[in-house]
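Each chain, letter by letter, is given below.
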Amino acid sequence: MYLRRTILASVLFLSLFAAAQEAKKTLQPDDYKQWESLQAAAISNDGRWLTYVSAKVGGDNTLVVKNNDTPATWSTRGGSGAAFSDDSKWAAYIVTPQAPGAGGGPRPGGGGPRPGGGRRPGGPGGPTPAPTPGAPAPTAPTPPPTKLGLRNLSSGDEQVFEGVQRYQFLKGSKFLLAQSVRPATRTDGGTDLLVLNLETGDSLNLGNVVDAMPNNDGSLVALTIKSDSGLQAVQILNPATQSLKSLTGSKDDIYSVSWARKADVLVYMRGKSDEKKEGDLNSIVVVNGIAAGKPKATTLETVAREDFPVGTRAVEFSGARLNEDGTRVAFGSQTWADKKAPSAVERVPVEVWNSKDIQVMPRQKLTAAGDRRRTNLWVWDLATDHLNQVTKDPEESAQLIGNFDRALILDQKPYETAATDGFNYQDVYLADVARGSRTVLLKKTHNFPVISRKANYLAYFERKNWWLYDLRNDKKTNLTGSVKTSFENTEDDHTVPEKPAAGFPIWLADDAGLLVSDHYDVWLARTGTLGLTQLTNGAKDHQIHRFTDIEGDENGHNLNHPFYFRVLDERAKATGYFTCDATGKGAMLAMDNMAFNGLTKAKDADRVFFQMGSFEKSPNLFLTNIKFSAIKPETSTNPQQKDFLWGHTDLVPFKSRWGKELNGILIYPADYDPKKTYPMVTYIYERLSDGLHNYVNPVDWSAYNPQVLSQNGYFVFEPDIAYKGRMPGENAVDCLEPAVAAVLAMKVGVDPQRIGLMGHSWGAYQTAFVTSVSKIFKVGVAGAPLTELTSMYNTFYWNSGTSNQELLETGQGRLEVPFWDDPKTYMDNSPVWRSKTRIAPILITCGDKDGAVDYHQGMALYQTLRRMGKDCVLLIYADENHNFTKRPDQLDYAHRVRHYLDVYLKGAKPEPWVSDGVSYLKQSE
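Residues numbered from 1 in each chain as written. Predicted model: local features only at pLDDT ≥ 70, side-chain atom pairs only at ≥ 80, totals over all residues. Heavy atoms only, no water.

(A) Region of the structure containing the overall build of the protein chain. Helix and strand content of the protein chain: 14 helices and 54 strands. For 925 residues, the compact-globule estimate of 2.2 N^0.38 gives 29 Å, and the C-alpha radius of gyration of the protein chain, at 30 Å, lies within 12% of that figure. Dimensions along the principal axes, computed over C-alpha positions, put the protein chain at roughly 85 × 70 × 70 Å. The buried share of the protein chain, taken over its 925 residues, is 52%. In the protein chain, 55% of the contacts between residues at least 6 apart in sequence involve partners at least 24 apart. Accessible surface for the protein chain amounts to roughly 41700 Å². Of this, 51% is attributable to carbon and sulfur atoms. On the protein chain, the mean spot of the 103 positive side-chain charges and the mean spot of the 106 negative ones are 2 Å from each other. (Helix = DSSP H or I, 4+ residues; strand = E, 2+ residues; numbered from the N terminus. Rg over C-alpha atoms; globule rule 2.2 N^0.38 Å. Buried < 20%, exposed > 50% of the residue type's maximum accessible area, 1.4 Å probe, protein only. Contact = heavy atoms within 4.5 Å. Areas by Shrake-Rupley, 256 points an atom, 1.4 Å probe, with all protein chains shown as cover. Lys, Arg positive; Asp, Glu negative; His and termini not counted. Charge placed at Lys NZ, Arg CZ, Asp CG, Glu CD.)

(B) Up close: the pairing of strand E39 (residues 575-580). For E39, the buried fraction is high: six of the six residues fall into the buried class. Of the two faces of E39, the one carrying Thr575, Tyr577 and Thr579 and the one carrying Gly576, Phe578 and Cys580 are both buried. Of the pairings in the sheet, the one linking strand E38 (residues 563-569) to E39 comprises six bridges and is antiparallel in character. Residue pairing for E39: phenylalanine 563 is matched across the bridge by cysteine 580. Hairpin connection of E38 to E39: five residues between the antiparallel strands, including lysine 573 at a positive phi of 70°. Bridging between E39 and strand E40 (residues 586-592) involves six bridges; their strand directions are antiparallel. Residue pairing in the sheet places glycine 576 in a bridge with methionine 591 of E40. Linking E39 back to E40 in an antiparallel pair, the connection comprises five residues, with glycine 584 at a positive phi of about 95°. (Pairing = 2+ DSSP bridges.)

(C) Region of the structure containing the nonpolar core. Formed by 83 residues in total, the largest nonpolar core has its most connected members in Leu666, Met680, Phe715, Met758, Tyr893 and Leu901. Considering each element in turn, this core owes the most residues, nine residues, to helix H6 (residues 728-746). Residue contacts for leucine 666: discarding those within four places in its chain leaves His648, Thr649, Asp650, Val652, Met680, Phe715, Val716, Phe717, Val743, Met746 and Val748. Formed by 16 residues, the second largest nonpolar core is a distinct cluster that contains Ala260, Val329, Phe331 and Leu387. (Core = buried A, V, L, I, M, F, W, Y, C linked by side-chain atoms within 4.5 Å.)

(D) Broad picture of the environment of isoleucine 409. Mapped onto the elements, isoleucine 409 comes out in strand E26 (residues 406-411). Each C-alpha atom of the pair isoleucine 409 and threonine 299 lies 28 Å from the other, and the pair is 110 residues apart in sequence.

(E) Summary view of unusual backbone geometry. Even without being glycine, serine 173 reaches a positive phi, approximately 65°. When you line up the elements, serine 173 lands in the loop between strand E9 (164-169) and strand E10 (175-180).

(F) View of the sheet that holds strand E2 (residues 49-56). Within the open sheet, the four strands sit side by side as E1-E2-E3-E4. Their pairing is antiparallel. Each edge of the open sheet carries a strand with a single partner, namely strand E1 (36-43) and strand E4 (73-77). Going from strand to strand, the sheet's axes swing by 20° on average, the running direction of each strand aside. When strand E3 (residues 61-67) meets E4, the two strands line up antiparallel, connected through five bridges. Looking across to E4, one finds that valine 64 is bridged to serine 75. (Axes fitted to C-alpha atoms, helices over the stretch in contact; angles between N-to-C directions.)

(G) Up close: the sheet that holds strand E28 (residues 437-445). Read from one edge to the other, the open sheet built from four strands follows the order E25-E26-E27-E28, with strand pairing classed as antiparallel. The sheet is open, and its two borders are formed by strand E25 (397-401) and E28, each paired with just one other strand. Shown here is a sheet whose adjacent strand axes are inclined to one another by a mean of 20°, direction ignored. Two elements, E25 and E26, share five bridges in a ladder whose sense is antiparallel. The residue of E26 that forms the bridge with glutamine 399 is leucine 408.

(H) A look at the packing of aromatic side chains. On inspection of all chains with the given rule, the structure shows 43 aromatic pairs. Between the aromatic rings of tyrosine 577 and phenylalanine 596, the centroid separation amounts to 5.9 Å while the plane-to-plane angle is 80°, which identifies the pairing as edge-to-face. With a gap of 19 residues between them, tyrosine 577 in strand E39 and phenylalanine 596 in strand E41 (residues 595-601) connect regions that are remote in the sequence. The pair tyrosine 577 / phenylalanine 596 is uniform in exposure class, with both members buried. Ring pairs connect the aromatic residues Tyr577, Phe596, Phe610, Phe622 and Phe628, which therefore count as one cluster. Cation over ring: lysine 444 sits above tyrosine 425, and NZ or CZ is 5.1 Å from the ring centre. (Phe/Tyr/Trp six-rings, centres within 6.5 Å; stacked < 30°, edge-to-face > 60°. Lys NZ or Arg CZ within 6 Å of the ring centre and 35° of its normal.)

(I) Examining the packing of H6 against helix H7 (residues 762-773) more closely. Running from amino to carboxyl end, H6 crosses H7 at an angle of 75°, the nearest separation of the two axes being 9 Å. Between H6 and H7, the angle is such that the two are roughly perpendicular. Of the residues in H7, those in contact with Pro728, Gly729, Glu730, Ala732, Val733 and Leu736 of H6 are Trp762, Tyr765, Gln766, Phe769, Val770 and Val773. Among the residues making up the contact of H6 with H7, the classes are represented as nine nonpolar, two polar and one charged. (Parallel < 35°, antiparallel > 145°, perpendicular 65-115°, else oblique. Nonpolar A, V, L, I, M, F, W, Y, C, P; charged D, E, K, R; others polar.)

(J) Molecular detail of a negative patch on the surface. Where like charges cluster on the molecular surface, the negative patch consists of Asp86, Asp87, Glu199 and Asp604. Relative to the helices and strands, aspartate 87 resides in the loop between strand E5 (79-84) and strand E6 (90-95). Owing to a relative accessible area of 31%, aspartate 87 belongs among the partly exposed residues under this scheme. (Patch = residues over 30% accessible without salt bridge, like charges linked within 9 Å, V, L, I, M, F, W, Y side chains within 5 Å. Salt bridge = Lys/Arg side-chain N within 4 Å of Asp/Glu carboxyl O.)

(K) Region of interest: the pattern of salt bridges. Enumeration according to the criterion identifies 45 salt bridges in this entry. Among the salt bridges present, the one from arginine 77 reaches aspartate 60, with a minimum N-O distance of 2.9 Å. Pair noted here: arginine 77 is in strand E4 and aspartate 60 is in the loop between E2 and E3, with a separation of 17 residues, a long-range link. Between aspartate 879 and lysine 849 there is a salt bridge, with its nearest N and O atoms 3.3 Å apart. Here aspartate 879, found in the loop between strand E54 (872-877) and helix H12 (887-906), pairs with lysine 849, found in the loop between strand E53 (842-847) and helix H11 (856-868); they are 30 residues apart in sequence, far enough to count as distant. Residue class for lysine 849 comes out partly exposed when judged on its relative accessible area of 47%. One connected set of salt bridges, linked through shared partners, spans Asp252, Arg270, Lys272 and Glu301.

(L) Geometry of H7. Under the 1.5 Å per step criterion, the end-to-end length of H7 is 17 Å for twelve residues, consistent within 8% with the ideal 16 Å. Counted residue by residue, H7 has eleven buried out of twelve residues, so it is predominantly covered. Those residues of H7 lying buried are Trp762, Gly763, Ala764, Tyr765, Gln766, Thr767, Ala768, Phe769, Val770, Thr771 and Ser772. (Expected span 1.5 Å × (residues − 1).)

See the structure below:
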């Protein structure tokens, strides 16, 4: 079990080791590049080998392959994408050449989609969109081609194959396929495919290969061929005999080659162009008997068929796919449009926006490419040669079930309106594909059914419970109505008509049952008996259990295998793992004041690995058995940390002014001396305290990195913020002021006169608001803030094209109603309208291409404060989106944030841009 650290224990610990600390020093920016994080860890099927990527803050990535039983270890600079062969005899990986000090791949600790260190939430509309890259320099050199590394795990011998872009082991581990990189001078056609016999070392090189698709057992590979002369073909490679058999070859286009999952059946599309028409006229070809050496093709030509509409075609971009046994083919159709003749009239560049538009025009523009590819869904039954139309309108969404004999159809049209608050409904129908009939499954639901693995059942969340729909007898059953617990997400405080489910349902193998969750626990619902078994008992100790799939079986977790759960103590934030059988009988495997993650089992051995670390202990990989009785470390990251001072964390419990129990993370200065006082920076973004034990690498280009602040002599406080009603700004005040008061009551050396507040996006909104009305914060830093909610309401989230009206009513804004129904609430919660009471100076930062929060929001606060004669600085970075992606801009912003805090919290001499401003002429010199 675990012990919760007390404040007294923390002070005692630091006093005992003060002498040892004196010999150490705090980190400097040049030291940061030594720090590493572990990524992409995997274990071989026999459990003897681990692989992972060590990603350095300085940029270099190193792939490591190591033996778990011997000292054998190999490192490859620039390696990534490693995989083991099924028989655990080989490891393969892609190698990206790297210049000294400049690596590839993800970088730890900030600067990505989430600002400031991996655990920082994103933009105001839920998950932050992927950052928009800056334009590449026109003179940027072409990167050297990637390579394939292949290592014999027994001998340690490595082979390197130049110019390989991707690879795959075939099932059975006898062969490896390696696809060459396409030359920069070519945009079309195939490349070389290397077929390597891993047992003999023999190889076969095939040219002009566009794609290689192995069948389910890896005995055959379907090759899509395209030569420079325009010849296209489908060929079947037998790797064992190194023989090729051509199924087709012509100037016709070839698309969508794929196998049935459980049958010796292949499908592809063959297209003929027409100079008067847009797109090819496509045939669908199904080939049987390939493995037996007697391929027989059956072709669907849609032209002149009575059961297929005249003037339509099967389209290549929706592809053709087989059901599991290869008896039915699904494809999409569209009207076959005529090519448009060039117009002699110059088109006027005008957009028409109508108030009746269901989707706002910015959204329509972003989805236009996909909208042009909307199709009607069809199923071709090979036994009857009958075509069955599944959808009647391209606007309908459909999902085929099981053997393509049924489909779920989603219809939003009855509830579509331009005047939406963002909470949308739909009707769900169950369609009989052969009969063309539909029955209503759900009316006006916000949820969508989850299909079981063998398509015998559907699970869906409705009226606060999980329901089971048996597709075999059209029977609905309330699975969870008999127990006295809520399966809603009771912590969700968005202003929506219905709370979402507490967790996503997980279907077991063979449709034996499914797992559903309430706030703390996981329940097993059996499909045979319809019985419900509580597998975990976390509510009594406030421990949240969530299933973790350690086996990764593509067929789902077996009911007879042990269940594993990651556990989070809601109050103390300790984590660990619990296991039990299908009756709920089990035990806690590990629980500690650490962050446990990534539990994974070797397929053919009693071995699992996981990652464990804390704020003070660099995360490492550990190996053990499934009972956790023989734990041993497999890595030793960041050993240099012992030479430097390092902070620690405490959990700070507090209550909001309306009595909500919350927590905050208090990070101590690296050079902490309990006899001294220190400034404190408070970083905010809704709920953060679950990250109490997260290790944070120091990163100089991350403006909000708490490790850097700790090393620079700051306390860093990360409190939770909850919401009640429709007062997001006031809610932040009602959480933050009690949170800071709880820290000050600890008397650990936080100077109450030197407390700052900062955040990004929604955190920046809260920062801008709170520092306008609260007197406890002496300075604010707001990156991409919302500042005037009425004008924000009438703008767009350009990265997704959606309206911010939805965001502010039922999304992160939680304002529930439009501004004209309650203008006072919008004004009372807008930093601009509360600026008259502002005392604290504030640094506002925007990118002028911000597609999440219009940068004029930051400008509005700047203009207001400037007119009032109050201290603020506005930074506007050119061609940057919501989260900066250009390294020089990231470094510049990080420097300015730290300097601004130092000026107002440490008394540092202000640089001219802070004290007086810098003229445009000087800035442009």
